[in-house]
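The chain contents come next:
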Amino acid sequence: MTVTSHRSAEEIGRTGPGPRPLPPLGRTRAVPLPDVEERVLPNGLRVLAARRPGVPMVELRLRVPFAGDEPEHPAVAELLASTLLTGTATRDRVGIDDELAAVGADIGVNVDPERLQFGASGLADGLPDLLGVLTDVLTSATHPDAEVARERDRLVERITVARAQPRTIAREALQRKRFGDHPITREMPTGEEVAAVTAEQVRELHAAALVPGGSIMVLVGDIDPAAALAQVEKAVAGWTASAPARELSPPPAITPSELQLVHRAGSVQSQLRLSAPALRRDDPRYAALQLANLVFGGYFSSRWMENVREDKGYTYGAHSGIEFVPGGAVLGVETDVASDVTAAALLETRYELGRLTAVPPTAEEVDAARAYAVGSLLISLDNQGGLASTLSALAADGLGIDWLRAHPGRLESVTVEQVAEAALEFFAPSAFTGVVVGDADVIGAGVRALGGVTGP
């Protein structure tokens, strides 16, 4: 007769002497990064190509600087992005979709105040066909009147819904608070602005602004880089312009100031959005700042997250991060909380900012942040799409694969003292500005009592 013994989870997790020790973390495995071949074509397009086999696919990213000062520019640009793939001189919407599907490819387009970007993927053998469709769109998209009208109605509806969302309202208020009336703040047009756009305006903007000079194309996949560069040069030979694409000018530097209370009547939640100056990737102190940010609020095991979520239960999520803007970078600190704990959450946020400067990160905190930073970077580069997107972003900042190869080493070499210095310089509560969005009739008295808050 066999007697079956049942042990509880607590018994399974323990031995006679006590809890089982966790094994030490193994050494982080490096992700091999390929060589990148680069060429600036006669039309001014800069092309980077890298071989990353594994799956027979290719990822393409095309970044076109797309700034504009005119009040109507954001609305026209959004409608242009929405109608680029609706027809050309030789292909209609269905024809574009069919040709892409034949080589397992797709193309997406998005636009913001800084850039218009294409993201595409497809079978590596179908790269010439993908480039053919993309070039046709770049050079002869017609933005048919009927398609513009259809997409305009859809865009108005989507924007109307999006602009009613708390996060959109908070983002817009934060952008105005830190950058004033600079064009970088015009991330989303109004429905009325989009409704006023004509097909002729879209076509005019396409001809004037969607140009190769200053644009960057990145190809990563199971390709021969030299052959891919030749294919691109052949495909885009007819894409020309007399002037380069227009870069967005650097926004004004963030000025530390009191938080602005933004009234949102009837809201049951509040959005806290704080911001301060930061460093660009090529600054020698960037790696130290990156680790200081992780310790504060950059990942789930951060001090701020532990306080306002795990300990106090004020929010489901709190996050801080570095956002890159033309000519600089900014820190962002954000969380959404219930109205009745808005003042308490703001108090704890300021407390954690101050604590990071007064009680510097410990060696254990820095080592945990370092392991996360290196590991997450390598994971993000372990696929064709992640590497293509990263190379595109770096190229726009004047950096390349060598910076990427060296960055894990920079993170590994940062000392606890350097992280403490970065925390003291960049996370001091006095360095921040920002907004608190919520029902001022409910949260106003509480947040004003903390000081440093202006508004209704």
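Residues numbered from 1 in each chain as written. Predicted model: local features only at pLDDT ≥ 70, side-chain atom pairs only at ≥ 80, totals over all residues. Heavy atoms only, no water.

Visitor: Is there a simple way to explain the overall build of the chain in this structure?
Guide: Per the secondary structure count, the chain includes 17 helices and 14 strands. For a compact globule of 456 residues, the expected C-alpha radius of gyration is about 23 Å, and the chain comes in at 25 Å, within 12% of that figure. Seen through its C-alpha atoms, the chain measures out along the principal axes to roughly 75 × 65 × 55 Å. Every one of the 456 residues in the chain was classed for burial, and the buried ones make up 48%. The contacts of the chain with a sequence gap of at least 6 include a subset with a gap of at least 24, amounting to 80%. For the chain, the distance from the average position of its 42 positive side-chain charges to the average position of its 60 negative side-chain charges is 3 Å. (Helix = DSSP H or I, 4+ residues; strand = E, 2+ residues; numbered from the N terminus. Rg over C-alpha atoms; globule rule 2.2 N^0.38 Å. Buried < 20%, exposed > 50% of the residue type's maximum accessible area, 1.4 Å probe, protein only. Contact = heavy atoms within 4.5 Å. Lys, Arg positive; Asp, Glu negative; His and termini not counted. Charge placed at Lys NZ, Arg CZ, Asp CG, Glu CD.)

Visitor: Hey, could you run me through the nonpolar core in this one?
Guide: Here is a general trend for soluble globular proteins: nonpolar side chains tend to be buried in one another's company. Among the nonpolar cores identified, the biggest contains 55 residues, and Leu62, Phe66 and Phe118 are the most heavily contacted of them. In terms of residue count, helix α4 (residues 127–140) provides more of this core than any other element does, seven residues in total. Apart from the residues within four sequence positions on either side, leucine 62 is in contact with Leu45, Leu116, Gln117, Phe118, Leu134, Leu138, Ser215, Ile216, Met217 and Trp239. Residues Ala276, Leu289, Ala292 and Val341 belong to the second largest nonpolar core, which totals 48 residues. (Core = buried A, V, L, I, M, F, W, Y, C linked by side-chain atoms within 4.5 Å.)

Visitor: Would you mind showing me how to read the sheet that holds strand β7 (residues 115–123) here?
Guide: Within a beta sheet, neighbouring strands are joined by backbone hydrogen bonds and run either parallel or antiparallel to one another. The six strands are arranged β3-β4-β8-β5-β7-β6 in an open sheet whose pairing can be described as mixed. Each edge of the open sheet is held by one strand with a lone partner, namely β3 (36–40) and β6 (106–111). Neighbour-to-neighbour, the strand axes of this sheet turn through a mean angle of 15°, independent of strand direction. In terms of strand pairing, strand β5 (residues 57–65) meets strand β8 (residues 216–221) through six bridges, oriented antiparallel. Bridge pairing in β8 places glutamate 59 opposite valine 220. (Pairing = 2+ DSSP bridges. Axes fitted to C-alpha atoms, helices over the stretch in contact; angles between N-to-C directions.)

Visitor: Looking at this model, I keep getting lost on the UniProt feature "domain: Peptidase M16 C-terminal" (unreviewed entry) in the chain. Mind explaining?
Guide: The UniProt entry lists residues 197–371 under the feature "domain: Peptidase M16 C-terminal" (unreviewed entry), expressed in the numbering used here. Annotated as 40% helix and 22% strand, the span residues 197–371 places its first and last C-alpha atoms 49 Å apart. (UniProt positions renumbered as here; feature names shortened; annotations may be inferred.)

Visitor: Help me understand the packing of helix α3 (residues 93–102) against α4, please; the structure alone is not making it clear to me.
Guide: Axis angle and axis distance: for two packed helices, these are the angle between their axes and the distance between the axes, and together they describe the pair. Running from amino to carboxyl end, α3 crosses α4 at an angle of 155°, the nearest separation of the two axes being 9 Å. Between α3 and α4, the interaxial angle falls into the category roughly antiparallel. When you trace α3 past α4, the crossing you get is left-handed. Side by side, α3 and α4 meet where Ile96, Glu99 and Leu100 of the first sit next to Leu130, Val133 and Val137 of the second. Of the residues belonging to the contact of α3 with α4, the class tally is five nonpolar, no polar and one charged. (Parallel < 35°, antiparallel > 145°, perpendicular 65-115°, else oblique. Left-handed = near helix turned anticlockwise from the far one by under 90°. Nonpolar A, V, L, I, M, F, W, Y, C, P; charged D, E, K, R; others polar.)

Visitor: What am I meant to see in the UniProt feature "domain: Peptidase M16 N-terminal" (unreviewed entry) in the chain here?
Guide: When the UniProt feature table is mapped onto this chain, "domain: Peptidase M16 N-terminal" (unreviewed entry) is found at residues 69–186. Segment residues 69–186 splits into 57% helix and 13% strand. End C-alpha atoms: 10 Å apart.

Visitor: Any chance you could explain the pairing of strand β9 (residues 259–263) here in plain terms?
Guide: Walk down a regular strand and you will see the side chains alternate between the two sheet faces. Pairing of β9 with strand β14 (residues 453–454) involves two bridges; the strand directions are parallel. If you follow leucine 259 over to β14, its bridge partner there is valine 453.

Visitor: Got a minute to help me understand helix α2 (residues 73–83) in this structure?
Guide: Think of an α-helix as 3.6 residues a turn; residues three or four steps apart then line up on the same face. In terms of residue burial, α2 counts as a mostly covered element, since ten of its eleven residues are buried. Taken together, the buried positions of α2 are His73, Pro74, Ala75, Val76, Ala77, Glu78, Leu79, Leu80, Ala81 and Thr83. Buried positions along α2 lie against β6, β7, α5 (145–162), α7 (191–195) and α8 (199–209).

Visitor: When you look at the sheet that holds strand β11 (residues 318–325) in this model, what are you seeing that I'm missing?
Guide: Strand order in the open sheet formed by six strands is β11-β12-β10-β13-β9-β14, and the pairing between neighbours is mixed. In the strand order of this sheet, the two ends are held by β11 and β14, each with one partner. The strands touched by helix α10 (residues 286–298) are β11 and β12 (328–338); relative to β11, the strand with the most contacts, the crossing angle is about 150°. Strand contacts of helix α11 (residues 303–311): β11 and β12, with the helix running at about 140° to β11, the strand carrying the most contacts.

Visitor: Looking at this model, I keep getting lost on the side chain of histidine 407. Mind explaining?
Guide: Examined against the element boundaries, histidine 407 turns out to sit in helix α15 (residues 401–413). Not counting residues up to four positions away in its chain, the partners in contact with histidine 407 are Tyr286, Ala287, Gln290 and Leu377.

Visitor: How do you make sense of the side chain of threonine 433 when you look at a structure like this?
Guide: Position of threonine 433 among the secondary structure elements: in strand β13 (residues 433–438). Taking relative accessible area as the criterion, threonine 433 reaches 0% and is therefore assigned buried. Of note is the side chain of threonine 433, whose polar atom sits 2.7 Å from the side chain of serine 257. (Polar contact = N/O pair within 3.5 Å; in protein donor to acceptor, adjacent residues only side chain to side chain.)

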